[in-house]
Every structure is written in structure tokens, then in C-alpha cells.
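Observations on the three-dimensional arrangement
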Amino acid sequence: MEVSHNIENHLNKLAIFLTRHLNHIHNLPDDWRDHYDNQNFTSRLERGQERLTSIIDIIARPHLKVVFVGRTSSGKSSAINALLNEPILPMGLGHTTSCFVEIRGSNQNQSWINIPGQEGTLDQRNSERIITSMNELGNALAEHPLQPDCCIQLFWPRSKAALLEDDVVLMDTPGLDVETDFDSWIDQFCLDADLFVWLMNGESTLMMREKAFFLQVKKKIAQPNIMVLVNRWDVASEEEEYWIHAAYEQHVARTLEFFQKELELQVSKSELLERMFFVSAKEQLEQKLAPGSTVRVSQDSLPSVKLLEERNNDWNRFLESLRSQLSCAYKGHRYLPYLDVGLDLARDIRDANDFVSKSGSEFITSKEHEIVKLNATMNDLEEHMEELTKELKGEVQTML
Ligand code: GTP
Ligand code: MG
């Protein structure tokens, strides 16, 4: 907690310096400001300012948030149900999840939902309602039709799902292809995710809508942490071996290209494969519901059994990786990408300051008094930035 406070303080200071810098630039004569803008300082610093605001919010939040996203029917709700070991979230063909559902651990033995804005319409004291099955949750939602931009909270006993023992929040989301304004979704519910689980449909390829979502997230938080579940792999596995292999390679190649070229993430193919899993959420849930039972395979033949085993192994690898990501996050690694963004921004501000002190006199010779005033403030600011950068670097070192 101390680490997060310290970093939060640093980043808050950075935000103050940045605002001061931008205010100064804004107050300078137009001809000089055009010269400054030509160096792209304004766009870089304004984007940095937006990211900083988002990052400070994430760091200030005590729990870790894992957001499940993907197209309609890609299996988001099924995957969360498999993680919770029960079919609690409604699943089905077509557009099923109509609003955001946040699942939190509870120390009580019963589960309940909380629908914001519905106070008084439900039978409980507040807006709470006890839930014991998927049908009850479905009924509760049907009684109170919700807009896609609404978020209900589902409290689930920690004793039933090991993953919720830590302070983790899982978020189920409506399909990305549902007509909704991305920007407001991301701002309201997804922006502060520590981790995105991207449910990809194993039978098809990446869609523009999914890409657009992550590009939007990238704009806001710079380096989204993404795990990829290529789901419905049981269906894809019914194809001939050659086609299964070709589909696998295509998923890997297209995702890698998207991560490297469009999201500009520093990730190699082997690193991507460590966070990419070819699974069947449906089978996992079926196995949880009837432990020891053998999941149906399309043909009772050795290749099908082998493919089922591979999907099971990938699911277990996903669980291990998810747990390890969450535990690393608790140890402070969660802050490293955000510190990097802070350090980059500190450097950008320093470059902009350098530019102002070096070129300011050439451009506004007739306004000597302004230059003197500006340079004094910038020197002061630069000194603080140096200090801040050193402290931030020290912070990173102690965490490694
Ligand atoms: P929306 O809430 O509508 O966006 O869908 P979703 O992404 O939450 O998908 P959901 O979990 O509701 O699953 C959609 C349908 O696909 C259901 O009928 C599931 O049983 C089925 N399904 C989910 N995962 C798999 C899978 O891995 N394999 C197969 N064969 N079916 C699956
Ligand atoms: Mg759903």
C-alpha cells in the first residue's frame, strides 16, 4: 500500500507540473506557440496528461480488476462461470449479457446482487437481492431491464471460488459488437482494468470492432495487459488436423501482428504464446458441474481425446497464468508499466522545457520580460522533474 501511495504522490506531482507547463505555453504569443506545436510537444503532452489521469485512478484503487471482453457469444460469461465453478451468469446464443456485471468476493455464504439506481424497487433493504441460481439472476435482470451502460454487482462467496479469495473483481461485459459508444464504456467500466481477458472466437478471426476497442484502451492507458482466450476451440477441433493447425497458426500470426504493429506492445511470438490459450469454456464448465465425467468428444477416437487433453491443459495453463499475474500484481509489478509511462512523460516535459529555454529567446525577442519569467519557472520545474525522475527510477529498482 505504501508503494502505491508513494507512486500516486509522484504521479500527482507530475500532473501538477504538466498542467503548469501547458498553462505557460498556452499564455505565450501565437507565433511562438505555433513553433512549439510544430515539434509535436502539445499533442504528446496532452495525451500524456489524459493517460496520467487514468493511471492515477488505477493506482488509487485497492482491488485488482479483470475485465472479460469479446464479441457477442464468444463465451465471456461461460469463461467466468467456469472460473466460478458454477453457471451463475446467464449464457446463451445471441446477445445475452445486456449490461456490465461486476463479480466480487464475499465472506458470507450466500450470493446477492446489487442493482445501482434500482433502490426501493427490490424487496431487500437497499437495492440488494439474494441470488442462488442463474435463473434467479436472469429473472432479476429481466424484471429490471437495464441499459448497456449500467453495471450491476454480484457478490459471490469466496469459499466457492478460490480466485475471489484475493481482492479481485471480475467483470462480464456485453458483446463488443453491440451498438454502444466505446468511449463512454471504456471510461466508465473498463479503463481501470489491471488485466483484460480477450475472448476470441476460435472459429473466426479478429474483427475490426475488437481491434478498435483495444486501440481505444491503448490511447487511454498506454500498455494494456491482455490475456487471449481463443474459445470454442472444441468446435474448431472437429475439423481435419491440417485445418486445425492452419487455424491455430492464423490466430497466432494475426494476434501477434495486431499486438506488435497496431497496439505497439513489446511482445515476441513466444511471449504472446505464454498469454494465449486455446480452450473451450463450455467443456470446462461441464467438467466442473459433473466432476469425473468424460466430456463428449465428437468421435470416439484417439485424436479427439488428444485434442481434448490439449484444451484442458491450455485451460489449466490459463488458470496458472491468471493466478501468477494476480499475485505478481500484488507484489508491486502492477505499477511498473505505469511508472514507465510516468518516466516517459517526465522526459517529454523536460524536452519541452529545454525547447522553451533554448528557442524561446529567438522567437520572442520583443517580449524579453516574458522570457525571463518563463525561463525562471521552467528552470524551477525542470529541477523538480529531475528529482521526480530519479525518485521514480529508485522506486522501480527497489521493486525489481
Ligand atoms: P454475450 O453475453 O451475448 O455477449 O455472449 P457471451 O460472450 O457471454 O457468450 P456466452 O458465454 O453466453 O456463450 C454463448 C453460447 O456459446 C452459449 O450457448 C454457450 O454455451 C456457448 N459456448 C460458450 N463457450 C463455448 C465453447 O467453448 N464451445 C462451445 N461449443 N460452445 C460454447
Ligand atoms: Mg455474456
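Above this text you will find the structure in question.
The model shown is predicted, which means the values in this text are computed figures rather than measured ones. (Residues numbered from 1 in each chain as written. Chains lettered and ligands numbered in written order. Predicted model: local features only at pLDDT ≥ 70, side-chain atom pairs only at ≥ 80, totals over all residues. Heavy atoms only, no water.)

A closer look at the overall build of the protein chain
Per the secondary structure count, the protein chain includes 14 helices and nine strands. Buried positions account for 51% of the 400 residues belonging to the protein chain. Sequence-distant contacts in the protein chain: of pairs separated by 6 or more residues, those separated by 24 or more amount to 79%. Of the roughly 19,400 Å² of accessible surface on the protein chain, a fraction of 48% belongs to carbon and sulfur atoms. (Helix = DSSP H or I, 4+ residues; strand = E, 2+ residues; numbered from the N terminus. Buried < 20%, exposed > 50% of the residue type's maximum accessible area, 1.4 Å probe, protein only. Contact = heavy atoms within 4.5 Å. Areas by Shrake-Rupley, 256 points an atom, 1.4 Å probe, with all protein chains shown as cover.)

As for the pattern of salt bridges
Evaluation of the coordinates by the stated rule reveals 14 salt bridges. Here Arg 71 ties to Glu 210 by a salt bridge, and the two come within 3.3 Å at their closest N and O atoms. In this pair, Arg 71 is assigned in the loop between β1 (64–70) and α4 (76–84) and Glu 210 in helix α7 (residues 208–221), connecting sequence segments 139 residues apart. Accessibility classification places Arg 71 together with Glu 210 in one group, the buried group. Of the charged contacts in the structure, one is a salt bridge between Lys 306 and Glu 310, with a shortest N-O distance of 3.6 Å. Of this pair, Lys 306 and Glu 310 both sit in helix α12 (residues 302–330), four residues apart, roughly one helical turn. Glu 310 sits in the partly exposed class, given a relative accessible area of 40%. (Salt bridge = Lys/Arg side-chain N within 4 Å of Asp/Glu carboxyl O.)

Digging into the pairing of strand β2 (residues 100–106)
Remark: a regular strand shows side chains that alternate across the two faces of the sheet. Burial analysis of β2 places six of its seven residues in the buried class, the great majority of the element. Where β2 meets strand β5 (residues 151–157), seven bridges bridge the pair, whose relative direction is parallel. Following the sheet pairing, Arg 104 is matched in β5 by Phe 155. (Pairing = 2+ DSSP bridges.)

Some remarks on the packing of aromatic side chains
For the structure on display, the rule yields 16 aromatic pairs. Here Phe 196 and Phe 214 contribute two aromatic rings whose centre-to-centre distance is 5.8 Å and whose plane-to-plane angle is 85 degrees, an arrangement assigned as edge-to-face. Of this pair, Phe 196 sits in strand β7 (residues 195–201) while Phe 214 sits in helix α7, and the two are 18 residues apart along the sequence. Relative accessible area serves as the criterion here: at 0%, Phe 196 is assigned to the buried category. Ring centres of Trp 233 and Phe 278 lie 4.8 Å apart, and the angle between their planes is 65 degrees; on these two criteria the pair is classed as edge-to-face. Remark: Phe 278 occurs in strand β9 (residues 276–278) and Trp 233 occurs in helix α8 (residues 233–236); sequence separation between them is 45 residues. Taking the relative accessible area as the measure of exposure, Trp 233 reaches 6% and is therefore buried. Look at Phe 278 and you get buried, because its relative accessible area is 4%. Taken together, the aromatic side chains of Phe 196, Trp 198, Phe 213, Phe 214, Phe 258 and Phe 259 make up a single cluster linked through ring pairs. (Phe/Tyr/Trp six-rings, centres within 6.5 Å; stacked < 30°, edge-to-face > 60°.)

Some thoughts on the nonpolar core
Ranked by internal contacts, the top residues of the largest apolar core, which has 65 residues, are Tyr 36, Phe 196, Trp 198, Phe 213, Phe 214 and Phe 259. Here the element with the most residues in this core is helix α13 (residues 336–363); it accounts for ten residues. Other than its neighbours up to four places away in sequence, Tyr 36 contacts His 21, Ile 25, Phe 41, Thr 42, Leu 45, Ala 352, Phe 355 and Val 356. Counting residues in each nonpolar core, the second largest holds 39 residues, with Leu 84, Cys 99, Cys 150 and Leu 285 among its members. (Core = buried A, V, L, I, M, F, W, Y, C linked by side-chain atoms within 4.5 Å.)

A look at the side chain of Asp 194
Looking at the secondary structure, you find Asp 194 in the loop between α6 (182–190) and β7. Residue classification places Asp 194 among the buried residues on the basis of a relative accessible area of 11%.

A short note on unusual backbone geometry
If you check the backbone angles, Arg 232 has positive phi at about 60 degrees while not being a glycine. Positive phi, normally seen in glycine, also occurs at Glu 264, with a value near 55 degrees. Considering the arrangement of structural elements, one finds Glu 264 in the loop between α9 (241–262) and α10 (269–274).

A word on α7
Helix length check: α7 (14 residues) gives 20 Å between terminal C-alpha atoms against 20 Å at 1.5 Å per residue, within 8%. Buried within α7 are the following residues: Glu 210, Lys 211, Phe 213, Phe 214, Gln 216, Val 217, Lys 218, Lys 220 and Ile 221. Where α7 terminates, the next one or two residues include Ala 222, which has phi positive at roughly 70 degrees. (Expected span 1.5 Å × (residues − 1).)

Remarks on the pairing of strand β6 (residues 168–172)
Buried residues dominate β6, accounting for five of its five residues. Where burial is concerned, the two faces of β6 agree: the one with Val 168, Leu 170 and Asp 172 and the one with Val 169 and Met 171 are both buried. Both β1 and β6 contribute to a ladder of five bridges, which runs parallel. Considered in β6, the bridge of Leu 64 is made with Val 168. One ladder, built from four bridges, connects β2 with β6; its direction is antiparallel. Directly across from Val 101, in β6, lies its bridge partner Asp 172.

Focus: the environment of Ile 186
If you trace the backbone, Ile 186 turns up in helix α6. You can call Ile 186 buried: its relative accessible area is 0%. Beyond its immediate sequence surroundings of up to four residues, Ile 186 is in contact with Leu 191, Phe 213, Gln 216, Val 217 and Lys 220.

With respect to a negative patch on the surface
Taken together, the side chains of Asp 31, Asp 34, Asp 37 and Glu 46 define an acidic patch exposed on the protein surface. Sorting elements by how many residues they give to the negative patch places helix α2 (residues 30–37) first, with three residues. Here Asp 31 is to be found in helix α2. (Patch = residues over 30% accessible without salt bridge, like charges linked within 9 Å, V, L, I, M, F, W, Y side chains within 5 Å. Lys, Arg positive; Asp, Glu negative; His and termini not counted. Charge placed at Lys NZ, Arg CZ, Asp CG, Glu CD.)

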